Amino acid sequence: MAEQHDADREPQPIDEEAAWAAIVAGYGDEPADPPGAKPFKSVEDLALLAEGEVNETSQDRAAQPEPDPEEDSDADRPALGSSITFAPGVGGPRDYQVDEPKDDDADDDEGHFVPPEPPPLPEADVTAKFAWLAVVGGPVLMLVAVLLQWDMTWWLTTLCVGGFLGGFATLVARMSGADDEDDDPGRGAVV
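When its secondary structure is counted, the protein shows six helices and zero strands. Going from N to C terminus, the protein has its helices and strands arranged as α-α-α-α-α-α. Looking at the protein residue by residue over its 191 residues, the buried ones come to 6%. Within the protein, counting contacts between residues at least 6 apart in sequence, those at least 24 apart form 46% of the total. If you sum the accessible surface of the protein, you get close to 18,300 Å²; carbon and sulfur atoms cover 58% of it.

The subject of this paragraph is the packing of aromatic side chains. All chains considered together, the criterion is met by one aromatic pair. Arranged with centres 6.3 Å apart and planes meeting at 15°, the rings of F164 and F168 form a pair that is stacked. Placement of the pair is F164 and F168 together in helix α5 (residues 154–173), with a separation of four residues, close to one helical turn. Residue class for F164 comes out partly exposed when judged on its relative accessible area of 32%. For F168, a relative accessible area of 49% translates into the label partly exposed.

It is worth spelling out the pattern of salt bridges at this point. Taken as a whole and assessed by the stated rule, the structure comprises one salt bridge. The partner of R174 in a salt bridge is D125, and the shortest N-O contact between them spans 2.4 Å. Residue R174 is found in the loop between α5 and α6 (178–182), and its partner D125 is found in the loop between α3 (103–107) and α4 (126–147); the two are separated by 49 residues along the sequence.

The next point concerns the packing of α4 against α5. α5 packs onto α4 with a crossing angle of 150° between their chain directions and a minimal axis gap of 7 Å. As α4 runs across α5, the sense of the crossing is left-handed. Contacts from T127, A128, A131, W132, A134, V135, G138, P139, L141, M142 and A145 in α4 reach L156, L159, C160, V161, G163, F164, G167, F168, T170 and L171 in α5.

Turning next to a nonpolar patch on the surface. Taken together, W132, V136, V140, L143, V144, L147, L148 and W150 make up a surface patch of nonpolar side chains, about 830 Å² in accessible area. With respect to the helices and strands, L148 occurs in the loop between α4 and α5.

Here we take up the confidence of the model for the protein. For the protein, the average pLDDT comes to 75, and 55% of its residues sit at 70 or higher. Ranking the elements of the protein by mean pLDDT puts α6 last with 55 and α5 first with 95.

About the criteria used
- Residues numbered from 1 in each chain as written.
- Predicted model: local features only at pLDDT ≥ 70, side-chain atom pairs only at ≥ 80, totals over all residues.
- Heavy atoms only, no water.
- Helix = DSSP H or I, 4+ residues; strand = E, 2+ residues; numbered from the N terminus.
- Buried < 20%, exposed > 50% of the residue type's maximum accessible area, 1.4 Å probe, protein only.
- Contact = heavy atoms within 4.5 Å.
- Areas by Shrake-Rupley, 256 points an atom, 1.4 Å probe, with all protein chains shown as cover.
- Phe/Tyr/Trp six-rings, centres within 6.5 Å; stacked < 30°, edge-to-face > 60°.
- Salt bridge = Lys/Arg side-chain N within 4 Å of Asp/Glu carboxyl O.
- Axes fitted to C-alpha atoms, helices over the stretch in contact; angles between N-to-C directions.
- Left-handed = near helix turned anticlockwise from the far one by under 90°.
- Patch = residues over 30% accessible without salt bridge, like charges linked within 9 Å, V, L, I, M, F, W, Y side chains within 5 Å.
- pLDDT = per-residue confidence, 0-100.

The structure is reproduced here in structure tokens:
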């Protein structure tokens, strides 16, 4: 008889009620460690365990009697985190305190930089103003014509597209490249 492949087999129905019942029954229980696994040490016992020792499992703790609260068992234990030592006179990061501000510090403006007033913008000439009007006005006029459902006649289209292209070409042609040639690019930042 030939072996059946997994793809040929019918999937077995899953009993969802039994699966949920198993999940609910095991809620809150800690799963058992696999055989041969070394359990993690708890935070409370990190400083207390010697190298190679492991914590007790929850079953081991349940089997042991409760410790007597009157006994002082913490006297022979080192404090948690006591293995961290700092150099003499050096505190930890939580020991840092900010110096109190002095009254004369507020009056001292010697270290503050106040930038100079920028020079005024140059006045635009008439050609630049009309070029910007054409670059912005052409698309705005076309948008208004579409929103108001005007007929897009040849002269309206020519005015919108031609105005934008003509204004853009005028602005690009009038860009000055003479200022860039005067500066020496090898000087770096000027202070």
